[in-house]
Amino acid sequence: MSVLPELRYPTVTEQVRAARALTAQRPGVCTLRQVGASRAGRPLHLLSVGRARRAVLVVAGAHANEPTGSCTLLALARRVLEQRELRDGMSWHFLLCADPDGASLHVTPAPRSLFDYHLGFFRPAGPEQPEWAPSVLPPDRLPPETRALTGVIDELRPYLQVTLHGTDLGGSWVQLTKDVPGLAEPFAKSAAELHIPVETGASDAAGWPASGPGVHVMPAPGIGPAYPSLPDDARHSTWFHAHRYGGLTAVVEVPMWASDLVDDPAPHPAPAAALGRLARRLQRDALEVTRVLEGALPRLAELDGPLLRAARWGLELVPGLAADLAHTPPADRTMAYVGSVDAFARRVPLRAAAMLRRVLRGTDERAAKQLEHLVATWSDAFAERFRARWVPLENQVEHQSRTVVAAALHAREKTG
């Protein structure tokens, strides 16, 4: 189902080293500076190319388990330096990693399979994610990474913020906080040329209007969420901070492994019944992980690290999410949407099991082995069900880069 990736994902240290090399090569055009520090004291760096007031801000590393953006960001910086027309009246600013603490905990730089990817998996609990924290925490409790990001937005007032995200298995899609007319065509063309499926029914954008296949625009404030139980709301995230200055945010997602099952626009014959079955499987799988966790609790009494918090947070989402899937009318009735929800429902218990396994290694080896078996079984089933195929890293990066450039040029036309 996979071969060893041709390239590897860089560490934050390697990112910073590469950014310093660019500034040394073009000191009159590039600058690199620290714009904040993480909770653990790790620096947050901003690489700037050009000095024009009209700014594009590109953010990588908001989710530790989505490493493609770290490569894309550096490729984009080089492209902007090489193509002078991209600096015509525009400056580009690259936040190298929004969550360096999280990046230090996700340790799969060259995953050979979904199982390999999950052995070193980490994704923080919602309140500890820099972009999502404002949607679940009061302003006085926001983490320093969030304050650094919003501080950069306040300083630059970008007409466009692009945040580089990714998915382990699926397709590519874009989420926009305001429409960018003309973006759908170059996005679709790039995906087709690079053999990357377009996720036309992405569960992350369930119920959002589309300006083209896979290009989803945030709905009006009065429209409720597709999954009412989930605590976060994109309209309260850092994605909307750029709106204070007339800007917008584009979220560009690209898969590590692709599946052609997520771009089928055909109507599903029975979407509500299918979602009900996915809800029951979600509950069953989560219960297996919860039982292991409960059995290990006596050995976890003194532990409260980010891996354990994240695993518990994910498991706590399951009852409400399962109820949403079972009892809320489907936000989309296509094969693609049901496939995307299928993938989403597999990820929640799989990720919790993967992180809890890491917590219990050396503390409760028997429980860790139980969880490793679940992670292996569920990873293999996920890959087999979706006929996963590895997307060469250079294709992931090229598609994400093309989409960012297209968004910057089309949004510039929109903002005048």
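Here, every reference points to the structure presented above.
Residues numbered from 1 in each chain as written. Predicted model: local features only at pLDDT ≥ 70, side-chain atom pairs only at ≥ 80, totals over all residues. Heavy atoms only, no water.

Side note on empty space enclosed by the protein
How we decide: Space inside and on the surface of the protein is sampled on a 1 Å grid over the protein atoms alone, with a cavity defined as a set of points where a 1.4 Å probe fits but cannot get out and a pocket as an open set with protein on both sides within 12 Å along at least 5 of 7 lines; lining residues have an atom within 4 Å of a point. Grid points are joined across faces, edges and corners, and a volume is the space filled by probe spheres set on the points. Basically, the charged four are Asp, Glu, Lys and Arg, the nonpolar ten are Ala, Val, Leu, Ile, Met, Phe, Trp, Tyr, Cys and Pro, and anything else, Gly included, counts as polar.
On inspection of all chains with the given rule, the structure shows one cavity of 30 Å³ or more. Approximately 50 Å³ is the volume found for the largest cavity. A226, Y227, L275, D324, L325, T328, P329, P330, A331 and Y337 together form the lining of the largest cavity. When the residues that make up the lining of the largest cavity are grouped by side-chain class, the tally is eight nonpolar, one polar and one charged.

Notes on the pairing of strand β2 (residues 43-49)
Convention followed: Here the term buried applies to any residue with accessible area under 20% of the maximum for its type, exposed to any over 50%, and partly exposed to those in between, with areas from a 1.4 Å probe on protein chains only. Segments assigned H or I by DSSP are reported as helices when at least four residues long, segments assigned E as strands when at least two residues long, and all are numbered from the N terminus. DSSP-based pairing: two strands are paired if at least 2 bridges between them are found.
The element β2 is largely enclosed, with a buried count of six among its seven residues. Here seven bridges tie strand β1 (residues 30-37) to β2, and the two strands are oriented antiparallel to one another. Looking at β2, one finds that A37 is bridged to P43. Connecting β1 to the next strand, β2, in antiparallel fashion are five residues, including G41 with a positive phi near 90°. Two strands pair when backbone bridges link them, and β2 and strand β4 (residues 91-95) are joined in this way by four bridges, in the antiparallel orientation. Along β4, the bridge assignment pairs L47 with F94.

Considering the nonpolar core
When a protein is soluble and globular, its nonpolar side chains tend to lie buried together. Quick note on the threshold: To qualify as a nonpolar core, a set must consist of buried Ala, Val, Leu, Ile, Met, Phe, Trp, Tyr and Cys residues joined through side-chain atoms within 4.5 Å.
Counting 62 residues, the largest nonpolar core has Y227, W257, L282, V289, L356, L360 and L371 as its most contacted members. Elements supplying a minimum of two residues to this core: α4 (114-119), β9 (248-258), α8 (271-296), α9 (306-327), α10 (335-360), α11 (365-385) and α12 (393-415). The leading source of residues in this core is α10, at 15 residues. Counting residues in each nonpolar core, the second largest holds 45 residues, with A19, V80, A250 and A407 among its members.

Considerations on the packing of aromatic side chains
This is how the line gets drawn: Centres within 6.5 Å are what make two rings of Phe, Tyr or Trp a pair, Trp counting through its six-membered ring; a difference in plane orientation under 30 degrees is then read as stacked, over 60 as edge-to-face, and the rest as tilted.
The final tally for this structure, using the stated rule, is seven aromatic pairs. Geometrically, the ring pair formed by F382 and F386 is edge-to-face, given 5.4 Å between the ring centres and 80° between the ring planes. A relative accessible area of 2% means that F386 is categorised as buried. Through a chain of ring-to-ring contacts, the aromatic side chains of Y117, F121, W257 and W390 assemble into a single cluster.

Describing the side chain of R79
Using the following cut-off: The contact rule is simple, with two residues in contact once any of their heavy atoms fall within 4.5 Å.
Mapping R79 onto the fold places it in helix α2 (residues 68-82). Beyond its immediate sequence surroundings of up to four residues, R79 is in contact with L86, E398, S401, R402 and V405.

With respect to α11
Helical geometry: 3.6 residues make up each α-helical turn, so side chains three or four residues apart lie on a common side. What counts is decided by this rule: Expected span of a helix, by definition, is 1.5 Å for each gap between consecutive residues, and there is one gap fewer than residues. Arc, as used here, means the arc of the directions from the helix axis to the C-beta atoms.
Compared with the 30 Å implied by 1.5 Å per residue over 21 residues, the 30 Å span of α11 between its first and last C-alpha is a close match. Three or more residues of α11 are buried, namely A367, A368, L371, L374, V375, W378, S379, F382 and A383. One side of α11 holds all its buried residues, which, seen down the axis, span an arc of 150°. Opposite the packed face of α11, turned more than 90 degrees from it, sit the exposed residues R366, K369, H373 and E384. Structurally, α11 contributes buried residues whose contacts are with α4, β5 (160-170), α8 and α10.

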